[in-house]
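# Secondary and tertiary structure notes
Spelled out, the chains give:
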Amino acid sequence: MNRSLTTRSRRAAILLLVASVGPACGGSGGSTATVQATTSTTSTTSTVAVPDVPPAEMCPTGQYPVLAAYALDDGQLQWVTCDTSRDMHIAVAADTDHVWLQIPYPAQTLRIDARTGAVLDTSTAPDPTFPADADRLRRTPPATPTVQVSGGQDDPLVGTEIATGTRRWTAVGFPVYDDVWAADATTVYVTSSDPTGATPGTWLAAYLIDTGEERWRADITDYSWPWHAGQGRVFTMWYDLHVLDATDGHELWRTDYGEPAGGFPRMFGAVTNDEMVFVSFTSVGSGGD
């Protein structure tokens, strides 16, 4: 059964957090909602304890949500990391202990405690190294050992045999951005539609990478795009997060925030570990918005 985890029905008690700050970061003061704060080269980042309210209300005045952790099984909000910067923040990797969050301009990578949301350190290295077992944002089109998927926002979705360059299949489907794909080892998950117009609207479709066979399709009841797949789940988002079972597409849980005034902050990516899904936010527009 699908469950909509509304603000009213989800736990309203404030989650008490104990945040630790890495020695490489200097401390700074914060509002009464701030558990611990650190200063980076461009902004002040803090971890706050909040009830499950819309993203625009998650942080103290003058700060914006950049990362939130939700329990993987039931969607309970665990913590929120806030920042004085409105910059785009992208969750790029996660393991049991850490989450890595990147700011594109100027390039920075924040290493965050997965249990508390505290920023441990900040790096400006152009190609940071993540643990081999970390879940990672997919920046390239998915593939199996035999078939490479290609396509984009405005390009056909096709599967090409790697050994011969022969096209095996073509399907109607497009990712949220040309370089953002939701896929696992066998399946690519994309927004799809009927090119004939006989079936109106769009839906989420799951295609086997090797054959192009449609495994399932699922209706998305609001504006939401597939951004990531992991832990047997597909994560679709824009203003709200939908978590679907990757096996058959049924919805496990979702948030119910709705569109914020002015369209921001909104969700901008996800990575996961065994216990939580980490959702990043942006408060500025990007190409395609």
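The shown structure was predicted, so the numbers you read here are calculated from the model rather than taken from an experiment. (Residues numbered from 1 in each chain as written. Predicted model: local features only at pLDDT ≥ 70, side-chain atom pairs only at ≥ 80, totals over all residues. Heavy atoms only, no water.)

## Structural notes on the nonpolar core
We count it as follows: Among buried residues, those of type Ala, Val, Leu, Ile, Met, Phe, Trp, Tyr and Cys that are joined through side-chain atoms within 4.5 Å constitute a nonpolar core. Relative accessibility under 20% of the residue-type maximum defines a buried residue, over 50% an exposed one, and the middle range a partly exposed one, all with a 1.4 Å probe and only protein chains included. Numbering of helices and strands starts at the N terminus; helices are DSSP runs of H or I of at least 4 residues and strands are runs of E of at least 2.
In this structure, Tyr-70, Trp-227, Leu-241 and Val-277 are the most contacted members of the largest nonpolar core, which totals 36 residues. Mapped onto this core, the elements with two or more residues apiece are β4 (64-71), β5 (77-83), β6 (90-94), β18 (224-230), β19 (233-238), β20 (241-245), β22 (266-272) and β23 (276-282). Grouped together as the second largest cluster of nonpolar side chains are 16 residues, Trp-79, Val-99, Ala-114 and Phe-278 included.

## Observations concerning the pattern of salt bridges
Our working definition: The working definition used for a salt bridge is a side-chain nitrogen of Lys or Arg within 4 Å of a carboxyl oxygen of Asp or Glu.
Scanning the entire structure with this criterion turns up eight salt bridges. A salt bridge links Glu-161 to Arg-168; its shortest N-O distance comes to 3.1 Å. Residue Asp-222 is joined to Arg-254 by a salt bridge in which the shortest nitrogen-to-oxygen separation is 3.0 Å. Placement of Asp-222 in the loop between β17 (214-218) and β18 and of Arg-254 in strand β21 (residues 251-254) is noted, with a sequence separation of 32 residues between them. Residue Arg-254 is classed as buried on the basis of its relative accessible area of 10%. Residues participating in the shared-partner salt-bridge network are Asp-222, Asp-240, Arg-254 and Asp-256.

## Here we look at the state of the cysteines
Operational definition: In this description, a disulfide is simply a cysteine sulfur pair whose atoms lie within 2.5 Å.
Within the structure shown, the criterion is met by one disulfide. Covalent S-S linkage joins Cys-59 and Cys-82, the inter-sulfur distance amounting to 2.0 Å. Note on the Cys-59 and Cys-82 pair: the S-S dihedral is about -85°, so by sign convention the disulfide is left-handed. Of the two residues, Cys-59 is situated in the loop between β3 (44-48) and β4 and Cys-82 in strand β5; the sequence distance between them amounts to 23 residues.

## Description of the sheet that holds β6
Going by this rule: We call two strands paired when DSSP finds no fewer than two bridges between them.
Strand order in this open sheet of five strands is β9-β8-β7-β6-β10, and the pairing throughout is antiparallel. In this open sheet, the two edge strands, each paired with only one partner strand, are β9 (119-123) and β10 (135-136). Strand direction decides the pairing type here: strand β8 (residues 108-113) and β9, joined by four bridges, are antiparallel. In the strand pairing of β9, Arg-111 is matched with Asp-121.

## Here's the deal with the environment of Asp-222
For clarity, the threshold we go by: Distance and chemistry together define a polar contact, namely a pair of N or O atoms within 3.5 Å, with one atom able to donate a hydrogen and the other to accept it when in protein, and with adjacent residues in sequence counting only for side-chain atoms on both sides.
By relative accessible area, Asp-222 is classed as partly exposed at 27%. Note: C-alpha distance between Asp-222 and Tyr-239 (17 residues apart in sequence) is 8.9 Å. There is a polar contact of 2.7 Å between the side chain of Asp-222 and the side chain of His-242.

## Some points on the pairing of β21
Note: β20 against β21, three bridges, orientation antiparallel. Bridge pairing links His-242 to Arg-254 in β21. Following β20, the chain reverses through five residues before pairing antiparallel with β21; Gly-249 in that reversal takes a positive phi of roughly 85°.

## Regarding the sheet that holds β21
For clarity, the cut-off: Every angle, taken between N-to-C directions, lies between 0 and 180 degrees, and every axis is a line fitted to C-alpha atoms, over only the stretch in contact when it is a helix.
Pairing in this open sheet of four strands is antiparallel, and the strands run β18-β19-β20-β21 from one edge to the other. In the strand order of this sheet, the two ends are held by β18 and β21, each with one partner. Between one strand axis and the next, the sheet turns by 25° as a mean value, whatever way the strands run.

## Notes on the side chain of Thr-236
Note the cut-off: Contact between two residues is taken to exist if any of their heavy atoms lie within 4.5 Å; hydrogens are not considered.
Locating Thr-236 in the fold gives a position in strand β19. Accessibility expressed as a relative area gives 1% for Thr-236, which makes it buried. Of note is the side chain of Thr-236, whose polar atom sits 2.7 Å from the side chain of Ser-224. Among all residues touching Thr-236, those that are not within four sequence positions of it are Leu-204, Ile-220, Ser-224, Trp-225, Pro-226, Trp-227, Leu-241 and His-242.

## Some thoughts on the confidence of the model for the protein
Heads up, the condition is: Confidence of the predictor at the level of single residues is given by pLDDT, which spans 0 to 100.
Per-residue pLDDT for the protein averages 83, and the proportion of residues at 70 or more is 81%. Across residues 1-42, confidence stays below pLDDT 50; counting only partners more than four residues off in sequence or on other chains, it has 100 contacts.

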